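Structure at a glance
This is what each chain is made of:
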Amino acid sequence: MENRKAVLRRMVMDDHICPYGLKSKDLLEREGFKVEDHNLTTQEEADAFKEKHGVKTTPQTFIGGERIGGHDALRIYFGKAKPKEEQDDTSYQPVIALFGMTFLMALAAAFVATGSWVSIKTAEWFVAFSMCLLAYLKLRDIERFSTMFLNYDLLAKRWVRYGYLYPFGEGLAGVLMIAGVAMWLAIPVALFIGTVGAISVFYAVYIQKRELKCACVGGDSNVPLGFVSLTENLFMIGMALWMSFKLLSA
């Protein structure tokens, strides 16, 4: 520990404490470094430091007299991130987080409603909760979603307004399926948008072989179009068919 020392220069002011400075300090300490923490307490002091070292941002970390750089550079230094030129700008992390959360929500809701963690209700609510959260992500910025959606959805290309209606339909069907009401409306909506969506994704990805970003988790998504979006639509189709079967069997 005595031989592992780092010098950190970061902004710590009355009205602003740099979050990346805090992250850099935490990362250095977790890597076993003793941090010589120097605070830049005024904007003038920060500007002078940046000018002296020819850098545009703080924090800056120095190890063994060598400037490593900011927080991103520090993560690369410790092997926790790849250089920008080696990074893949696609990510499944938003989808994994969403489906993981909706699955836990479905388990909890099913336990409260039925006394059992795993049941038919768990599966139903998992799909319905997922539909609602996916609709929410699209509705955060419906303009960006509809623009990305137009890249591959066959119906939206013919009728642009469909790109604006899609997330409302998905959310409506999800809410009605959670409540178990108005299945006469929820089933055809889910079946229609799910079928059109599945055909559109399959055509774009597996027939045209296009590499596109998926609009399924919103217009700012880096999720590649393909399996995830196809699964979203197949879930809706499956849920609609299952609810139809339950309705006819009642």
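Before any of the text, the structure's been laid out above.
Source: prediction; values computed, not measured. (Residues numbered from 1 in each chain as written. Predicted model: local features only at pLDDT ≥ 70, side-chain atom pairs only at ≥ 80, totals over all residues. Heavy atoms only, no water.)

Bringing empty space enclosed by the protein into the picture now. Scanning the model with the defined rule gives one cavity of 30 Å³ or more in all. Size it by volume and the largest cavity reaches roughly 60 Å³. Around the largest cavity, the lining residues are Lys138, Phe145, Phe149, Tyr152, Tyr166, Gly197, Val201, Ala215, Cys216, Ser229, Glu232 and Asn233. When contributions to the lining of the largest cavity are tallied by element, the ones reaching two or more residues are helix H6 (142–149), helix H9 (183–207) and helix H10 (227–249). Of the residues forming the lining of the largest cavity, the biggest block, three residues, is contributed by H10. A breakdown of the residues in the lining of the largest cavity according to their chemical character gives seven nonpolar, three polar and two charged. (1 Å grid on protein atoms, 1.4 Å probe; cavity = no way out; pocket = protein on both sides within 12 Å on 5 of 7 lines; lining within 4 Å. Points joined across faces, edges and corners; volume = space filled by probe spheres on them. Helix = DSSP H or I, 4+ residues; strand = E, 2+ residues; numbered from the N terminus. Nonpolar A, V, L, I, M, F, W, Y, C, P; charged D, E, K, R; others polar.)

Attention now moves to the packing of helix H4 (residues 93–114) against helix H5 (residues 120–139). One can describe the packing of H4 onto H5 by two numbers: an axis separation of 8 Å at closest approach and a directional angle of 135°. Considering the angle they form, H4 stands oblique to H5. For H4 against H5, the interelement crossing comes out right-handed. In this structure, H4 uses Leu98, Phe99, Thr102, Phe103, Met105, Ala106, Leu107, Ala109, Ala110, Ala113 and Thr114 to contact H5, whose residues at the interface are Lys121, Thr122, Trp125, Phe126, Phe129, Ser130, Leu133, Leu134 and Leu137. For the contact of H4 with H5, the residue count by class is 15 nonpolar, four polar and one charged. (Axes fitted to C-alpha atoms, helices over the stretch in contact; angles between N-to-C directions. Parallel < 35°, antiparallel > 145°, perpendicular 65-115°, else oblique. Left-handed = near helix turned anticlockwise from the far one by under 90°. Contact = heavy atoms within 4.5 Å.)

So, about unusual backbone geometry. Residue Thr58 is joined to Pro59 through a cis peptide bond whose omega torsion reads 10°. Residue position: Pro59 is located in the loop between helix H2 (43–53) and strand E3 (60–63). Positive phi values are uncommon outside glycine, yet Ala182 reaches one of about 50°. Judged by its relative accessible area of 25%, Ala182 is partly exposed. With a phi angle near 60°, Lys209 is a residue other than glycine that sits in the positive phi range. Topologically, Lys209 is positioned in the loop between H9 and H10. Taking the relative accessible area as the measure of exposure, Lys209 reaches 62% and is therefore exposed. (Buried < 20%, exposed > 50% of the residue type's maximum accessible area, 1.4 Å probe, protein only.)

Read these as spatial facts, not as claims about activity.
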